[in-house]
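# Summary of structural features
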Amino acid sequence: MSAICVPNNCTGCSACTAVCSKHALSMLRTADGFYKPVLDAEKCVDCGICGKVCTILNDQVESERILNIYMAKSRNVAQREKSSSGGVFPLLAQYILSENGVVYAAEGINAVYVKHTRMDKVEALTKTQGSRYIQSDLSDVLSAVKRDLEQGKRVLFVGTPCQIYGLKSFLGRRAGNMLYTVDLVCHGVMSSNIPCEYLNNIGCIPEESELRWTDKRTGWHQRSMVVSEHKQDTSNELHSEIYNTSIMGQLYQNNICLNESCYDCKYKTTHSAADITLGDYWGIEKVNPGFDDNRGVSLVIVHSERGQWLFGKIENQLSYQTSSFEDAASGQYALTRSSEKKFDNDKAYEILKTQGIMGLYRLTCHKTFFQKVKRNARNFANKLRTAEG
């Protein structure tokens with residue numbers, strides 16, 4: 001296997017495969033559970049165009065640009081319940097679709113396979129609401145975006161910060177003024193091997209299951225992770241638990257088995273290439289408790305005039321207030337820094353293979369979790385003593 005950039009640096013943005021007219025490159029999911037470019041040497045003519053669009057090789061990083069920051073929530077409560085945070089994405093998407101445009105966003109095909117999908121009807125949007133913490137397949141998607149733009153369509157593309165960089169690098173000047181981009185406050189993408197082993201551990205077949213990482217049945221602050229049987233017309237729920245205290249939630253929050261490039265992300269929010277950044281406004285209960293109803297609040301960061309214009313098209317459907325960057329970042333470390341690597345990935349994959357997900361959890365998170373419980377209990381006791389004193 002040959003790679004365009006060092007495999008550990010590759011984000012899997014797919015720009016190199018999309019630009020290759022000889023189809024000499026393919027994005028394949030590796031044994032580690034991430035998409036990387038694979039070269040067919042017989043088809044390659046050594047033109048070098050793939051290297052020219054590689055965001056890593058060309059060190060493409062935007063200068064800091066933030067116009068406005070908001071805390072926002074959709075006035076449509078039912079729609080907000082289906083969203084992972086405040087329901088801003090479906091409103092942006094609905095506006096683009098109302099203008100005869102198209103929307104590209106990640107859809108969970110099953111619990112262990114996520115793919116970016118093209119949507120031209122509002123009814124399709126529900127398939128892309130909610131969070132998915134594994135890498136999405138971008139096969140043929142960047143080329144499809146290019147075709148839509150060439151046909152004069154408005155396009156809204158939603159993805160991780162590195163995916164936005166890859167799309168824009170591939171399009172270059174062809175992006176024009178009809179492309180609108182939204183990236184996400186990104187903690188990192190997890191190896192698809194983790195949910196696969198998790199589902200096997202609870203007796204579910206990964207390819208026949210649907211996984212909702214951020215179900216709000218227990219509230220936004222304490223969301224549930226729900227596993228259902230994957231059928232087109234019916235949904236038979238198989239398992240649910242609180243996300244934050246689940247094995248998979250603990251592994252993700254402790255940064256176990258993230259893509260190697262996520263530990264040194266160059267595309268954090270202050271250097272976003274998108275028009276708008278969306279995420280959860282964690283810490284809202286301290287910053288503005290009256291705005292928090294435990295149904296979800298979105299953090300909206302506008303980076304461009306185009307993004308501001310698009311936000312203006314939906315603002316009458318939102319409850320929103322302005323925010324400082326300091327307040328927004330107080331509960332969202334992913335805004336400003338990469339996830340810390342706490343455990344060697346190669347060792348983690350070997351443990352996962354030989355000892356399963358419970359073995360990996362015990363060796364990487366179990367002690368950390370109970371230390372946190374003890375620390376919180378100790379802090380609570382100190383507060384009680386202070387109040388009584």
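Notes on the structure in this doc start here. Every chain is numbered independently, its residues counted from 1 as its sequence is written. Whole-chain, interface and lining totals are the exception, using all residues; otherwise, since this is a predicted model, local features are given only for residues with pLDDT of at least 70 and side-chain atom pairs are given and counted only at 80 or more. As a rule here, side-chain values cover all heavy atoms of the structure and leave hydrogens and water aside.

Moving on, we get to the overall build of the chain. The numbering of helices and of strands both runs from the N terminus, where a helix is a DSSP run of H or I of at least 4 residues and a strand a run of E of at least 2. Helix and strand content of the chain: 13 helices and 14 strands. A compact globule built from 389 residues should have a C-alpha radius of gyration of about 21 Å, and the chain, at 21 Å, falls within 12% of that. With the C-alpha coordinates of the chain rotated into their principal frame, the extents come out at 75 × 55 × 45 Å. Classification of residues uses two cut-offs on accessible area relative to the type maximum, computed with a 1.4 Å probe and protein chains only: under 20% is buried, over 50% is exposed, and between them is partly exposed. Of all 389 residues assigned to the chain, the portion counted as buried reaches 51%. We take the radius of gyration over the C-alpha atoms and set the globule estimate at 2.2 Å times the residue count to the 0.38 power.

Looking now at the sheet that holds strand E10 (residues 224-230). One bridge is not enough; two strands pair if DSSP finds at least two bridges between them. Strand order in the open sheet formed by three strands is E9-E10-E11, with antiparallel pairing between adjacent strands. At either end of the open sheet lies a strand with only one pairing partner, and these are strand E9 (209-215) and strand E11 (235-242). Averaged over all pairs of adjacent strands, the angle between strand axes in this sheet comes to 20°, irrespective of strand direction. Relative to E10, E9 runs antiparallel, the two being bridged by five bridges. Bridge pairing in E10 places Glu210 opposite Ser228. Structural elements are reduced to axes, namely lines fitted to C-alpha atoms, with helices fitted over the stretch in contact, and the angle between N-to-C directions of any two is expressed from 0 to 180 degrees.

Examined against the element boundaries, Asn244 turns out to sit in the loop between E11 and helix H8 (247-253). When its relative accessible area of 32% is taken as the criterion, Asn244 is described as partly exposed. Considering only alpha carbons, one finds Asn244 and Met178, 66 residues apart in sequence, at a separation of 39 Å.

Moving on: helix H12 (residues 345-364). The first and last C-alpha atoms of H12 sit only 11 Å apart over 20 residues, clearly below the 28 Å expected at 1.5 Å per residue. All of the buried residues in H12 are Asn345, Ala348, Tyr349, Ile351, Leu352, Gly356, Ile357, Gly359, Leu360, Tyr361 and Thr364. Within 3.5 Å is the distance limit for a polar contact, defined as a pair of N or O atoms, with the added protein rule that one can donate a hydrogen and the other accept it, and that residues adjacent in sequence qualify only through two side-chain atoms. Two to three positions downstream of the cap, the backbone nitrogen of Asp346 sits 3.1 Å from a side-chain oxygen, assigning the N-cap of H12 to Asp344. Here the expected length of a helix is defined as 1.5 Å per residue gap, with one fewer gap than residues.

So, about the packing of aromatic side chains. Paired rings are identified among Phe, Tyr and Trp, the last through its six-membered ring, by centres lying within 6.5 Å, and are further divided according to the angle between planes into stacked (under 30 degrees), edge-to-face (over 60) and tilted (the rest). Inspection of the entire model under this criterion finds eleven aromatic pairs. Aromatic side chains Tyr70 and Phe311 sit 4.4 Å apart centroid to centroid with 5° between the ring planes, which places their arrangement in the stacked category. With Tyr70 in strand E3 (residues 68-74) and Phe311 in helix H10 (residues 305-312), this pair connects stretches of sequence that are 241 residues apart. You can call Tyr70 buried: its relative accessible area is 7%. According to the relative accessible area criterion, Phe311 is buried, its value standing at 1%. Measuring from ring centre to ring centre gives 5.9 Å for Tyr95 and Trp309, while their planes differ by 75°; the resulting arrangement is edge-to-face. With Tyr95 in helix H4 (residues 88-98) and Trp309 in helix H10, this residue pair connects regions lying 214 residues apart in the sequence. One aromatic cluster is present, formed by Tyr133, Trp213, Tyr243 and Tyr252 through successive ring pairs.

Our focus in this paragraph is the sheet that holds strand E6 (residues 136-137). The nine strands lie next to each other as E6-E5-E4-E7-E8-E12-E13-E3-E14, forming an open sheet whose pairing is mixed. On the outer flanks of this sheet lie E6 and strand E14 (318-322), each paired with one strand and no other. Pairing of strand E4 (residues 102-110) with strand E5 (residues 113-119) involves seven bridges; the strand directions are antiparallel. By the bridge assignment, Glu107 is partnered in E5 with Lys115.

Counted as salt bridges are all cases of a side-chain nitrogen of Lys or Arg within 4 Å of a carboxyl oxygen of Asp or Glu. Counted according to the given criterion, the structure contains 13 salt bridges. Among the salt bridges present, the one from Asp148 reaches Arg118, with a minimum N-O distance of 2.9 Å. Taken together, the positions of Asp148 in helix H5 (residues 141-150) and Arg118 in strand E5 put the pair 30 residues apart, joining distant regions of the chain. Note on Arg118: relative accessible area 37%, which makes it partly exposed. Residues joined in a network through salt bridges with shared partners are Arg118, Asp120, Lys121 and Asp148.

In terms of nonpolar packing, the biggest core is built from 34 residues, with Met190, Ile194, Trp213, Met248, Leu251 and Leu360 touching the most fellow members. Looking at this core, the elements that each hand over two or more residues are helix H7 (193-201), E9, E10, H8 and H12. Top contributing element to this core by residue count: H12, with seven residues. When checking whether two residues touch, look at their non-hydrogen atoms; a contact exists if any pair is within 4.5 Å. In contact with Met190, other than residues within four places in its own chain, are Phe34, Tyr133, Ile134, Gln135, Pro195, Trp213, Met248, Leu251, Tyr252, Ile256, Cys257 and Leu258. To qualify as a nonpolar core, a set must consist of buried Ala, Val, Leu, Ile, Met, Phe, Trp, Tyr and Cys residues joined through side-chain atoms within 4.5 Å. Listed in part, the 29 residues of the second largest apolar core include Cys13, Val102, Leu142 and Leu167.

Moving on to the packing of H5 against helix H6 (residues 161-171). At a minimum axis separation of 10 Å, H5 and H6 run at an interaxial angle of 55°. On the basis of the axis angle, H5 is oblique to H6. Pair H5 / H6 crosses with right-handed handedness. For the pair H5 and H6, contact is made by Leu142, Ser143, Val145, Lys146 and Leu149 and by Gly166, Leu167, Phe170 and Leu171, respectively. When grouped by side-chain class, the residues that make up the contact of H5 with H6 number six nonpolar, two polar and one charged. Angles are sorted into four bins: roughly parallel if under 35 degrees, roughly antiparallel if over 145, roughly perpendicular if 65 to 115, and oblique for all others. Here a crossing is taken to be left-handed if its near helix is turned anticlockwise relative to the far helix by less than a right angle, and right-handed if that turn runs clockwise. Note that Gly is not counted as nonpolar here; it falls among the polar residues with everything else outside the nonpolar set of Ala, Val, Leu, Ile, Met, Phe, Trp, Tyr, Cys and Pro and the charged set of Asp, Glu, Lys and Arg.

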